[in-house]
Amino acid sequence: MFHFDNSYARLPDRFYASVYPEPVEGPKLIVFNEALAKELGVEADLSDPDRLAATFSGNVVPQGAMPLAMAYAGHQFGSFVPQLGDGRAILLGEVVDQGGIRRDIQLKGAGPTPFSRRGDGRAALGPVLREYIVSEAMAALGIPATRALAAVTTGEQVYRETVEQGAVFVRVAASHVRVGTFQFFAARGDTDGIRELADYVIDRHYPELKTAENPYAALLQSVAFRQADLIARWLGVGFVHGVMNTDNMTISGETIDFGPCAFLDEYHQMKVFSSIDHGGRYAYRNQPGIGQWNIARLAECLLPVIDQDQDRAVDAANEVLGEFGERFQAEWIRVFRAKIGLSSEADGDGELVQQLLSAMQDQEADFTLVFRGLADAAEGLDERFLSQFADPSKAVEWLGLWRDRLALEPQDDARRAGAMRAVNPAIIPRNHRIQEAISAANYGDFSFFARLLAALEKPYEERPGFADYMTPPTAEERVTRTFCGT
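Since this is a predicted model, take the numbers as computed values, not measurements.

When its secondary structure is counted, the protein shows 15 helices and 12 strands. In terms of overall dimensions, the protein is globule-like: its C-alpha atoms have a radius of gyration of 23 Å, near the 23 Å expected for 486 residues. Here the C-alpha coordinates of the protein stretch approximately 65 × 60 × 40 Å along the principal axes. Buried positions account for 58% of the 486 residues belonging to the protein. Restricting the contact set of the protein to residue pairs at least 6 apart, pairs at least 24 apart contribute 71%. In the form shown here, the protein has an accessible surface area of approximately 19500 Å², with 49% of it arising from carbon and sulfur atoms.

Dropping the structure here:
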């Protein structure tokens, strides 16, 4: 089924714990991502769903797998925990996909590991479906993210605040190495471990850095730039990660861990969804600053290998931290220029975007529909854009400023509108639609889940059969809190 080539398992044994999934009572396949399987070179017999369920639940360990739980530490809401690790996830192994890229195959919810910290190592159905939906939506939106290969129910119950159905999620990632992985070795003063991990990451993700004057400083910069670009793109679609702990920040630059995440309905720069983020640490607006803070934690880990002279190492790291901010600002304005139909640069573009966002916040306008409607306005049809504002006067004023700016642009209206629709989604995985799919699935009805996935396959298209997914929630449908699932 899988053609494994397991590089992480060849690292020293202090990098992980060898552990096998714990069998479950009655696994049943919910969904299998055939397109992703083809991309990965995974061979599956779709006529035997029970066999697939047995494999994806962990009941059958496929040939060539070397199951392990990765060791890592992390800052959780700013507080450092020296040992976290995969408490409910087991890395089966790695495959090299059709594009020559090495990808991890991981079972999430496959039973306890040495890092479970008294947890049961299991996952509930709701969080598994949420992660499947959002990870595939992010991929369709063109934002780097871990992927969903499959999901199964286990036939067993898990105990959280209530009794819930158990499930296992099969996650695919460029790798699961995190900032927290480096922190694990730094906390133990294990400079050899930091160097070996850094060399592994360079080999796997950044081979072009091998010939750099200082590969470890170059690694810090490369990771910083990927994260800056990623977060700018999150903001462009109104995504709030919800739990940007250092153990949830990948070195590869992929979005990972879709627990208490959400997409904005009405715009507010300090919007928080996570039920455990009481202080707004990971609010929409705060995500770039937290990204930079997390990169600073990575820099601290890499100091001993960047330079034996601590002052020189600190100077190199501080230079990268400054560059993070510059890189983020450049990518953010690039993303939002495209969203409002600008193909060239001019002074004042950032202010123009901020004026629109300010009007949206004052009027509680829907983030996705405002930008989608603006594409209509590019062709002279203002109604859909203005309808998102309770008092459209500020929006009308902004449209005048915007059209003055567009007069400096070479594009014709139709070409501009098409370009805007290609970057402003019509459909996002709105909280109430995800909750609708989860609630139905808890009663055995997966049709809402399947239809939502189908709607999200082409988020930049307005397809009549999925028009209902473009509408924002009513006041009664709003989901204002999301949960981690552990």
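UniProt feature "binding site: Mg(2+)" (unreviewed entry): in the numbering of this structure it lies at Asn 248 and Asp 257. Following the sequence through the fold, Asn 248 ends up in the loop between strand E11 (239–240) and strand E12 (262–263). For Asn 248, a relative accessible area of 13% gives the class buried. In this structure the side chain of Asn 248 is engaged in a polar contact, spanning 2.9 Å, whose partner is the backbone oxygen of Val 243. Tracing the sequence through the fold places Asp 257 in the loop between E11 and E12. Accessibility expressed as a relative area gives 11% for Asp 257, which makes it buried. Leaving out residues up to four positions away in the same chain, Asp 257 has contacts with Lys 108, Glu 131, Arg 171, Arg 178, His 241, Asp 247 and Asn 248.

With that out of the way, let us pick up the environment of Ile 202. Within the secondary structure, Ile 202 is located in helix H5 (residues 191–205). On the basis of relative accessibility, which here comes to 4%, the residue Ile 202 falls in the buried class. Along the sequence, Ile 202 and Leu 219 sit 17 residues apart, while their C-alpha atoms lie 7.1 Å from each other. Dropping the residues within four chain positions of it, Ile 202 is found in contact with Pro 207, Leu 209, Lys 210, Pro 215, Tyr 216 and Leu 219.

A few words now on the side chain of Glu 94. Residue placement: Glu 94 occurs in strand E6 (residues 89–96). A distance of 2.9 Å separates the side chain of Glu 94 from the side chain of Arg 102, its partner in a polar contact.

Mapping Gln 287 onto the fold places it in helix H7 (residues 287–306). Polar contacts involving the side chain of Gln 287 include one to the main-chain carbonyl oxygen of Tyr 284, which spans 3.3 Å. The contact partners of Gln 287, leaving out residues within four places of it in the chain, are Ile 231, Trp 234, Leu 235, Phe 239, Val 240, His 241, Met 244 and Tyr 282.

Another point: the UniProt feature "binding site: ATP" (unreviewed entry) in the protein. The positions that UniProt labels "binding site: ATP" (unreviewed entry) are, in the present scheme, Gly 85, Gly 87, Arg 88, Lys 108, Asp 120, Gly 121, Arg 171, Arg 178 and Asp 257. Spanning 173 residues, the annotated positions stay apart in the fold, the maximum distance between their C-alpha atoms being 22.8 Å. Those residues in contact with Arg 171, other than ones at most four positions away along the chain, are Asp 104, Ile 105, Gln 106, Lys 108, Glu 131, Thr 146, Arg 147, His 176, Arg 178, Ile 256 and Asp 257. Polar contacts involving the side chain of Arg 171 include one to the side chain of His 176, which spans 3.2 Å. A polar contact of 3.2 Å, which involves the side chain of Asp 257, links it to the side chain of Lys 108.

A word on the domain arrangement of the protein. Split into domains, the protein comes out as domain 1 (7–175) and domain 2 (180–338). Domain 1 and domain 2 are separated by 23 Å when their C-alpha centres are compared. Counting each side, the surface lost to burial between domain 1 and domain 2 is near 3200 Å², with a carbon and sulfur contribution of 61%. Counting across the interface, domain 1 meets domain 2 through 5 salt bridges. As a salt-bridge pair, Arg 14 and Asp 190 come within 2.6 Å of each other at their nearest N and O atoms. Secondary-structure elements contributing two or more residues to the side of domain 1 that touches domain 2 are strand E4 (74–76), strand E7 (102–108), helix H3 (125–141) and strand E10 (163–173). Looking at the side of domain 1 that touches domain 2 element by element, the count peaks at 6 residues for H3. Classifying every residue of the side of domain 1 that touches domain 2 gives 19 nonpolar, 10 polar and 9 charged.

Rules behind the numbers
- Residues numbered from 1 in each chain as written.
- Predicted model: local features only at pLDDT ≥ 70, side-chain atom pairs only at ≥ 80, totals over all residues.
- Heavy atoms only, no water.
- Helix = DSSP H or I, 4+ residues; strand = E, 2+ residues; numbered from the N terminus.
- Rg over C-alpha atoms; globule rule 2.2 N^0.38 Å.
- Buried < 20%, exposed > 50% of the residue type's maximum accessible area, 1.4 Å probe, protein only.
- Contact = heavy atoms within 4.5 Å.
- Areas by Shrake-Rupley, 256 points an atom, 1.4 Å probe, with all protein chains shown as cover.
- UniProt positions renumbered as here; feature names shortened; annotations may be inferred.
- Polar contact = N/O pair within 3.5 Å; in protein donor to acceptor, adjacent residues only side chain to side chain.
- Domains from an automatic or database assignment.
- Buried area = accessible area lost by both parts, 1.4 Å probe.
- Salt bridge = Lys/Arg side-chain N within 4 Å of Asp/Glu carboxyl O.
- Nonpolar A, V, L, I, M, F, W, Y, C, P; charged D, E, K, R; others polar.

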